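Residue-level listing of the chains:
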Amino acid sequence: MPYLPHSEEDVRRALETIGVESVDALFDELPASLRNPDIDLPPAMDETRLLAHLRSLAAHDRPEGPNFLGGGMRRHFIPSVTPHLALQSEFVTAYTPYQPEVAQGILQATFEYQTMMSELTGLAVSNASMYDGATATAEAALLAARQTRRERVLVSRGVHPETRAVLGTYLEALDIRIDTLDLETLATPVPMVDHDVACVIVQQPNFLGSLEAMPALTEAAHAAGALMVAVVDPLSLALLKPPGAYGADIAVGDGQTLGNPTAYGGPSFGFMVVASALLRQLPGRLVGETVDVDGRRAFVLTLQAREQHIRRSKAKSNICSNHQLTALMATVNLAALGPQGLREAAAGSVRQAHRLADRLRDEGADVAGEARFFNEFTLRTRRSGSDVRSALAERGVHAGVPVGSEYGLGNAVVLAATELVSDDDIEALVAALATVGELAGSGVGHG
Amino acid sequence: MQIPDNLRYTSSHEWVSAPVDGMVTVGITDYAQDQLGDVVYVELPAVGAAVASGDPVAVVESVKTASDIYAPVSGSVEAVNEALHDAPEAINDSPYEGGWLFKVRLSDEAEPGSLLDAGGYQQAVEKEG
């Protein structure tokens, strides 16, 4: 779809209408030093030189080699049809083309997205996607606080530390108190939930890779009238029980594992799916199916009265946009893989992760705990997690997300394996860990 | 347009019943429901909440818009019309009976007396029209 910029005449007339001298005058509120800061940029290059420069920068990247990085983003198979369809020029736009008169294609794709996310999570209503898993989790906490009219949330320490940091930023300004549930044997113990708690937030599988007892945790939340927020890896739902099946009220998470590359950390998208009782509290865009004047199937944004452009400051959320393109990648990917393909990717991940854990145990490595895991687990290390990661990277193996001291595990890293990890990759990691002195005989501490 | 004589009114189109044992019932007027069109959802205050007159305490959403409902009097919310969650259309069908929104225990029993009577509300609506 074409986009027309404002002409000078358009701008002049707009300024005249609102009685402002210049566009700059609109930004008077900002300190001058922030408006046009001096940025020390090198002189412009011509196209040939610029391409050569970018290629030389790109040559520093080392994306190849065995990859066991996880901790929130993981490499999975993306069939070529996914970028081919999702990157059609009609879809690639920074704007959100939601006008039903011109955007039936994108609206239908979004409707399909919502339907697939609803099926995956076992919950009734998905929004059109959010920015990322962390902001979706924070929005879930806000939703729970609105719905229950309570001002306290319980969050498991097994929720990704970065997600908890974003949650803290959101809730601090609203005077909603956050209490953190410590892990026992790498998983969240079923807590006593007080009757002033709006929601219990648990990640499945958790940051350390362990599987949580979601049904029991959900029951504890509900017994106190609190909502249950499940932070999930959507790919894992091909095998694990979906949040709707154990009665969770809200499923959120990051959608990267569905058809999006890890791309050095993003962009990805967040998702949010809720039980039907929470429909009116759901933030973000929603696409619905209807019929046009001639009775033909059509798609439109629906339930917009919750939203900012109607309700202003009383909207359910300031979120009135989403990550359309990356969510579309997920939609095409899910359609291409189908339920069977998704199960195979998930099962391949589980198989390779367990093979890796077994091999490491065989070699005397300290795979933490006996907790059940999905496609990630925690390995206690001799040196600090970041040292181990750097040492492995020097040997061409990408592995080891450091585990912070808050977990009380001493030195440790999270290792992930997906269906893209081969048996040879596993042997390469085992060999590299031995070379850097992290395997048996090298005096691994059992802290 | 019905404007029953036995009720009190605000210029923001809420009605208030005559107090019984210090308690009043609150809803929106026939004129208000007609202006809003088909009501599809109602957000009600929490039972037990303290409200001050003029506070936005509820939301009535129609196919056209979502409107704040203001507390016409000060006090505490004693009851809400739970039936509206499943049948919000009662506000259109029966704004003064089945479509009531909430009940308030008055902090000042004299307060409803300061609101518009039916004649005053009739004039307010005509001015708006």
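Residues numbered from 1 in each chain as written. Chains lettered and ligands numbered in written order. Predicted model: local features only at pLDDT ≥ 70, side-chain atom pairs only at ≥ 80, totals over all residues.

1. Considerations on the overall build of chain A
Scanning chain A for helices and strands turns up 12 helices and 15 strands. Summarising its shape, the C-alpha atoms of chain A cover approximately 80 × 65 × 50 Å along the three principal directions. Taking all 447 residues of chain A together, the buried fraction comes to 43%. Residue pairs in contact within chain A that sit at least 24 positions apart in sequence constitute 74% of those at least 6 positions apart. (Helix = DSSP H or I, 4+ residues; strand = E, 2+ residues; numbered from the N terminus. Buried ≥ 20, exposed ≤ 12 C-beta atoms within 10 Å, placed from the backbone. Contact = placed C-beta atoms within 7 Å.)

2. Here's the deal with the sheet that holds strand E4 (residues 39-43) of chain B
Residues and elements named next belong to chain B. If you walk across this open sheet you meet the three strands as E4-E6-E7, and the pairing is antiparallel. Single-partner strands in this sheet number two, and they are E4 and strand E7 (66-70). On average, each strand axis in the sheet is inclined to that of its neighbour by 25°, with strand direction left out of account. Relative to E7, strand E6 (residues 56-62) runs antiparallel, the two sharing five bridges. Bridge pairing links Val-59 to Asp-68 in E7. (Pairing = 2+ DSSP bridges. Axes fitted to C-alpha atoms, helices over the stretch in contact; angles between N-to-C directions.)

3. A short note on the environment of A:Thr435
Here A:Thr435 is to be found in helix H12 (residues 423-435). Separated by 43 residues in the primary sequence, A:Thr435 and A:Leu392 place their C-alpha atoms 9.0 Å from one another.

4. Some words on helix H5 (residues 104-121) of chain A
Residue and element names in this part refer to chain A. The end-to-end C-alpha distance of H5 is 26 Å, a good match for the 26 Å that 18 residues give at a rise of 1.5 Å each. Inspection of H5 places Ile-106, Leu-107, Ala-109, Thr-110, Tyr-113, Gln-114, Met-117, Leu-120 and Thr-121 among the buried residues, and these make up the whole buried set. Looking straight down H5, one finds its buried side chains confined to an arc of 160°; they lie on one side. Against the buried residues of H5 lie strand E2 (125-126), strand E7 (250-254), strand E8 (270-274), strand E9 (287-291), strand E10 (297-301) and helix H10 (324-362). Taken from the residues just after H5, Gly-122 is the one with a positive phi, measuring 70°. (Expected span 1.5 Å × (residues − 1). Arc of directions from axis to C-beta.)

5. Considerations on the pairing of strand E3 (residues 23-28) of chain B
All names here are of chain B. Where burial is concerned, most of E3 is hidden: five out of the six residues are buried. Where strand E2 (residues 14-16) hands over to E3, the hairpin turn is made up of six residues, of which Asp-21 adopts a positive phi near 50°. Examined bridge by bridge, E3 and strand E9 (residues 102-106) share four bridges and lie antiparallel to one another. Residue pairing across strands places Met-23 opposite Arg-105, the latter belonging to E9.

6. Points about the confidence of the model for chain A
Averaged over every residue, the pLDDT of chain A is 92; the share at 70 or more is 96%. Across residues 442-447 of chain A, where pLDDT falls below 50, the model places 13 contacts with residues more than four positions away in sequence or in other chains. (pLDDT = per-residue confidence, 0-100.)

7. Some thoughts on the interface of chain B and chain A
On the side of chain A, five residues touch chain B, which itself brings five residues to the contact. Classifying every residue of the side of chain B that touches chain A gives three nonpolar, one polar and one charged. (Nonpolar A, V, L, I, M, F, W, Y, C, P; charged D, E, K, R; others polar.)

8. A look at H10(A)
Residue and element names in this part refer to chain A. In a regular helix each residue adds 1.5 Å, so 39 residues correspond to 57 Å; H10 covers only 45 Å between its end C-alpha atoms and thus falls short of that length. The largest bend along H10 reaches roughly 95° and is located at Gly-338, with the proline Pro-339 sitting one to four residues downstream. Immediately downstream of H10, the backbone of Gly-364 shows phi near 85°, a positive value. (Bend = angle between axes of the 7 residues up to and from the residue.)

9. Brief notes about the packing of H5(A) against H10(A)
All names here are of chain A. Taken N-terminus to C-terminus, the directions of H5 and H10 make an angle of 70°; their axes are 9 Å apart at the nearest point. What the angle tells us is that H5 and H10 run roughly perpendicular. Handedness of the crossing formed by H5 with H10: left-handed. Counting all contacts with H5, which are made through Ala-109, Glu-112, Tyr-113 and Met-116, the residues of H10 involved are Ala-327, Leu-328, Ala-330, Thr-331 and Leu-334. Residues of the contact of H5 with H10, tallied by class, amount to seven nonpolar, one polar and one charged. (Parallel < 35°, antiparallel > 145°, perpendicular 65-115°, else oblique. Left-handed = near helix turned anticlockwise from the far one by under 90°.)

10. Structural notes on the pairing of strand E8 (residues 75-80) of chain B
Residues and elements named next belong to chain B. In the sheet, strand E5 (residues 50-51) pairs with E8 via two bridges, with the strands oriented antiparallel. Considered in E8, the bridge of Ala-50 is made with Ser-76. The pairing of E8 with E9 spans five bridges and is antiparallel. In the strand pairing of E9, Ala-79 is matched with Lys-103.

11. Points about the sheet that holds strand E1 (residues 8-9) of chain B
Residues and elements named next belong to chain B. As summarised here, the arrangement of the six strands in space is E1-E2-E3-E9-E8-E5, forming an open sheet in which the pairing is antiparallel. This sheet does not close on itself; its edge strands, each paired only once, are E1 and E5. Where E2 and E3 come together, three bridges link them in antiparallel fashion. For Trp-15, the partnering residue across the bridge sits in E3 and is Gly-27.

12. Brief notes about the environment of A:Val102
Residues and elements named next belong to chain A. With respect to the helices and strands, the residue Val-102 is situated in the loop between helix H4 (81-86) and H5. Taking the C-beta count within 10 Å as the criterion, Val-102 has 11 such neighbours and is therefore assigned exposed. In this structure, the C-alpha to C-alpha distance between Val-102 and Ile-176, residues 74 residues apart in sequence, is 42 Å.

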